[in-house]
Amino acid sequence: MPLLLAFDLKDYWKLKTYMLEQGTDLKATLNKLTVRYSDQGPDNAPVVIFIHGFPFNRSMWDLQVKDLQDRFRVVTYDVRGHGDSETGEEEFSIDLFSKDLLALMDFLKIPQAIICGLSMGGYIALQTVVEHPGRIAGLILCDTQCTADTPEIIEKRMATIEAIRLKGVETYAEDSIKKLFAPQSLKTKQSNVAYVKQMILDTDEETLYNTLHALARRRETCDQLHLIKVPVLVLVGAEDKITPPSSAMMLHHGIKNAGLEIIEDAGHVSNIEQPEVFNEKMEKFMLHFEKAVVR
Ligand code: MLT
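Here is what the cut-offs are and how they apply
Residues numbered from 1 in each chain as written. Predicted model: local features only at pLDDT ≥ 70, side-chain atom pairs only at ≥ 80, totals over all residues. Heavy atoms only, no water. Helix = DSSP H or I, 4+ residues; strand = E, 2+ residues; numbered from the N terminus. Rg over C-alpha atoms; globule rule 2.2 N^0.38 Å. Buried < 20%, exposed > 50% of the residue type's maximum accessible area, 1.4 Å probe, protein only. Contact = heavy atoms within 4.5 Å. Areas by Shrake-Rupley, 256 points an atom, 1.4 Å probe, with all protein chains shown as cover. Lys, Arg positive; Asp, Glu negative; His and termini not counted. Charge placed at Lys NZ, Arg CZ, Asp CG, Glu CD. Disulfide = S-S within 2.5 Å. Axes fitted to C-alpha atoms, helices over the stretch in contact; angles between N-to-C directions. Parallel < 35°, antiparallel > 145°, perpendicular 65-115°, else oblique. Nonpolar A, V, L, I, M, F, W, Y, C, P; charged D, E, K, R; others polar. Phe/Tyr/Trp six-rings, centres within 6.5 Å; stacked < 30°, edge-to-face > 60°. Lys NZ or Arg CZ within 6 Å of the ring centre and 35° of its normal.

Trainee: Where do I start with the overall build of the protein chain in this structure?
Mentor: Broken down by element type, the protein chain carries 13 helices and eight strands. In terms of overall size, the protein chain behaves like a compact globule, its C-alpha atoms giving a radius of gyration of 19 Å where 295 residues would be expected to give roughly 19 Å. Taken across its 295 residues, the protein chain has 52% of its residues classed as buried. Of all intrachain contacts in the protein chain linking residues separated by at least 6 positions in sequence, the fraction that spans at least 24 positions is 75%. In the structure as shown, the protein chain presents an accessible area of about 14100 Å², 55% of it carried by carbon and sulfur atoms. Measuring between centres, the 33 positive side-chain charges of the protein chain sit 3 Å from its 43 negative side-chain charges.

Rendered as structure tokens:
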């Protein structure tokens, strides 16, 4: 039989679709907006989806993607309004961001994934796992928390919105990096600090306001942590001032069998401040899933 006839046409289209979907700068139309994402790695491997924090974009995971993409299918995306993704018409909320995550998974034909989320990314991951447990195979919760904002924190967020309106994004970015990084990193990791500052400056001002409101309105998930039955790793920078180790410990205590790793000399953006240590902990955790790869 000629080789061409032995090849099932269905496989040809599958291969073609797969080839089209591989890359670092891809677009998906979902929930009435265009979301930019990257999708790399073997298509028969377990899928890891990385969700960035606020107000960053998917490029914050570049070093983690590089580390995993030979063994895992690795997806990163820009949460609506952030990076190169469109904003859409709906009011921002963690629920809406979770709906977008599920829509992206549907679009990419991913029934189940391991989710790695930092801070806001962790809020989205937690919301999704408690409401749609079947879609989540495992979690890496980085520098995040299950609590909702206290009235004082909500007040601070509203004051931040006013301050951005009055003083501009440059001052906001400058103030933010002082809270985001460990004091040591501010001195020794200046290119990383400049990089994070640039991500903040690149974020649309309306997205800053809309997301600050969404964060302020978010629900707590602490009461539902016991429902999480998948493998979980909680990671936190020892000097994280935004979501400190005490928040990570709360997650660790609430989720049965979760692992906890505290990363020294790191603040809130632990994956950027200490990528080698972060990746080592992440890789060790990912061994849970690597066994499932069909080769
Ligand atoms: C983040 O990094 O996503 C934010 O710090 C989250 C927050 O402000 O609650």
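Let's pick the thread back up.
Trainee: When you look at the state of the cysteines in this model, what are you seeing that I'm missing?
Mentor: A covalent bond bridging the sulfur atoms of two cysteines is what the word disulfide describes. One pass over the full model with this rule turns up one disulfide. The disulfide partner of Cys146 is Cys222, and the gap between their sulfur atoms is 2.2 Å. Taking the torsion about the S-S bond as the criterion, the Cys146 to Cys222 disulfide, at about 95°, is right-handed. Of this pair, Cys146 sits in the loop between strand S6 (136-142) and helix H6 (151-167) while Cys222 sits in the loop between helix H10 (205-217) and strand S7 (232-237), and the two are 76 residues apart along the sequence. With relative accessibility at 2%, the residue Cys146 sits in the buried group. Counting only cysteine sulfurs, Cys142 is the nearest neighbor of Cys116, a cysteine outside any disulfide, at a range of 3.7 Å.

Trainee: For this particular structure, what's the right way to read the packing of H6 against H10?
Mentor: For any two helices packed against each other, the geometry is given by the interaxial angle and the distance between the axes. With their axes 9 Å apart at the nearest point, H6 and H10 run at an angle of 170° to one another. When the axes of H6 and H10 are compared, the pair comes out roughly antiparallel. Between H6 and H10, the residues in contact are Ile154, Arg157, Met158, Thr160, Ile161, Ile164 and Arg165 and Glu205, Leu208, Tyr209, Leu212, His213, Leu215 and Ala216, respectively. For the contact of H6 with H10, the class distribution of residues is nine nonpolar, two polar and three charged.

Trainee: Looking at this structure, how should I read the packing of aromatic side chains?
Mentor: In this description, a pair of aromatic rings is defined by centroid distance and the angle of the planes. Applying the stated criterion across every chain yields a total of five aromatic pairs. Each ring, one from Phe285 and one from Phe289, has its centre 5.5 Å from the other, and the planes form 65°; the classification is edge-to-face. Of this pair, Phe285 and Phe289 both sit in helix H13 (residues 275-290), four residues apart, which is roughly one turn of that helix. The residues Phe285 and Phe289 share a single accessibility class, namely buried. When the ring centre of Tyr209 is taken as origin, the NZ or CZ atom of Arg165, which lies over that ring, is 4.3 Å away. The positively charged end of Arg218 is found above the aromatic ring belonging to Tyr123, 4.1 Å away from the centroid.

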